[in-house]
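# Fold and contact review
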Amino acid sequence: MSEATWSVGRVAERCGVNVSTLHFYEQKGLIKSWRNAGNQRRYKPDVLRRIAVIKAAQKVGISLEEVKQAFLSLPDSRTPTVEDWQQLSQNWHTMLDARIAYMQKLRDYLTGCIGCGCLSMTKCPLYNPDDKLAAEGTGAVVLDNEEKRVLAQALSPPSQNK
């Protein structure tokens, strides 16, 4: 295993992030450092790959929590290998496809409402008479539930039609 000899400044410069970002990633459990005899943070070189995965994931809308869960799924929380990255990216690809489908549906759904200009209280599924949806939670529960349904459907194994 490589020795933890990279300083926080060297890692930050090499990865194109601020030192505070590295501290934040460490606080969130995405990367880890060790302390030298002078109590300074030191990183192993493989931290570069972990940060590259984090940055790539963030660019496509994957949350830090989702990245953390993916890292935790790796044996011994190791740095992702090429094979690991292929699996992680495939999983994220599926999740992103579901999010895109949801956003397209939402866009088309709202366009109909905006297009008519009335937000019809008799036909609009967003209308909530007497706040009946309060029992389901706070916020836009109709939209939230649809997003959850679309994501669950995309991430579930394909059904076998007999």
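This report concerns the structure included in the present document.

## Some thoughts on the packing of aromatic side chains
Per the stated rule, a full pass over the model turns up one aromatic pair. Centroid distance Trp85 to Trp92: 5.9 Å. Interplanar angle 75°. Geometry classified as edge-to-face. We note Lys44 situated over the ring of Trp34; from NZ or CZ to the ring centre the distance is 4.6 Å.

## A word on unusual backbone geometry
Here the phi dihedral of Asn39 falls at roughly 65°; this positive angle occurs in a residue that is not glycine. Following the sequence through the fold, Asn39 ends up in the loop between strand S2 (34-35) and strand S3 (41-43).

## A closer look at the nonpolar core
Membership of the largest hydrophobic core comes to 32 residues, with the highest contact counts inside it found for Val11 and Leu22. Breaking this core down by element, the ones donating at least two residues are helix H1 (8-15), helix H2 (19-27), helix H3 (47-59), helix H4 (64-72), helix H5 (82-116) and helix H6 (141-155). Ranked by residues supplied to this core, first place goes to H5 with seven residues. With residues near it in sequence (within four places) discarded, Leu22 still touches Val8, Val11, Ala12, Val17, Ile31, Tyr43 and Ile51.

## Some remarks on the environment of Ser89
Along the chain, the position of Ser89 falls in helix H5. Judged by relative accessible area, which is 25%, Ser89 ranks as partly exposed.

## Regarding the pattern of salt bridges
Scanning the model with the defined rule gives three salt bridges in all. With a closest N to O distance of 3.0 Å, Arg41 and Glu26 form a salt bridge. Of this pair, Arg41 sits in strand S3 while Glu26 is found in helix H2, placing the two residues 15 residues apart along the sequence. On the basis of relative accessible area, Arg41 is assigned to the partly exposed category, the value being 22%. Salt-bridge contacts for Glu66 lead to Arg99; the nearest nitrogen and oxygen are separated by 2.4 Å. Linking Glu66 in helix H4 with Arg99 in helix H5, this pair joins segments that are 33 residues apart in sequence.

## What to know about the packing of H3 against H4
Between two packed helices, both the angle of their axes relative to each other and the distance between the axes serve to describe the pair. Where H3 meets H4, the closest approach of the two axes is 10 Å, and the angle between their N-to-C directions is 135°. The orientation of H3 with respect to H4, classified from their angle, is oblique. Considering how the two elements wind past one another, H3 and H4 form a crossing that is right-handed. Contacts from Arg50, Val53, Ile54, Ala57 and Gln58 in H3 reach Leu64, Val67 and Phe71 in H4. Here the residues of the contact of H3 with H4 sort into six nonpolar, one polar and one charged.

Parameters at a glance
Throughout, a residue's number is its position along its own chain's written sequence, starting from 1. pLDDT decides what is reported in this predicted model: residues at 70 or higher carry local features, side-chain atom pairs at 80 or more are listed and counted, and totals for whole chains, interfaces and linings draw on all residues regardless. By convention in this description, side-chain values take in all heavy atoms of the structure and omit both hydrogens and water. Each pair of aromatic rings taken from Phe, Tyr and Trp, with Trp reduced to its six-membered ring, is defined by centres within 6.5 Å and is described as stacked if the planes are under 30 degrees apart, edge-to-face if over 60, and tilted in the remaining cases. Geometrically, a lysine NZ or arginine CZ counts as sitting over a ring once it is within 6 Å of the ring centre and also within 35 degrees of the ring normal. Runs of H or I in DSSP of at least four residues are treated as helices and runs of E of at least two as strands, each being numbered from the N terminus. Only buried residues count toward a nonpolar core, which is a set of Ala, Val, Leu, Ile, Met, Phe, Trp, Tyr and Cys residues joined through side-chain atoms within 4.5 Å. To sort residues, take the accessible area from a 1.4 Å probe on protein chains only and compare it with the maximum for the residue type: under 20% means buried, over 50% means exposed, and anything in between is partly exposed. We call two residues contacting when some pair of their heavy atoms lies within 4.5 Å. Put simply, a salt bridge is a Lys or Arg side-chain nitrogen that is within 4 Å of an Asp or Glu carboxyl oxygen. Axis lines are fitted through C-alpha atoms, for helices just across the contact stretch, and the angle between N-to-C directions can take any value from 0 to 180 degrees. Roughly parallel here means an angle under 35 degrees, roughly antiparallel means over 145, roughly perpendicular means 65 to 115, and every remaining angle is called oblique. For a crossing to be left-handed, the near helix must be turned anticlockwise from the far one by less than a right angle; the clockwise case is right-handed. Each residue gets one label: Ala, Val, Leu, Ile, Met, Phe, Trp, Tyr, Cys and Pro are nonpolar, Asp, Glu, Lys and Arg are charged, and the others, such as Gly, are polar.

Keep in mind these numbers describe shape, not what the thing actually does.
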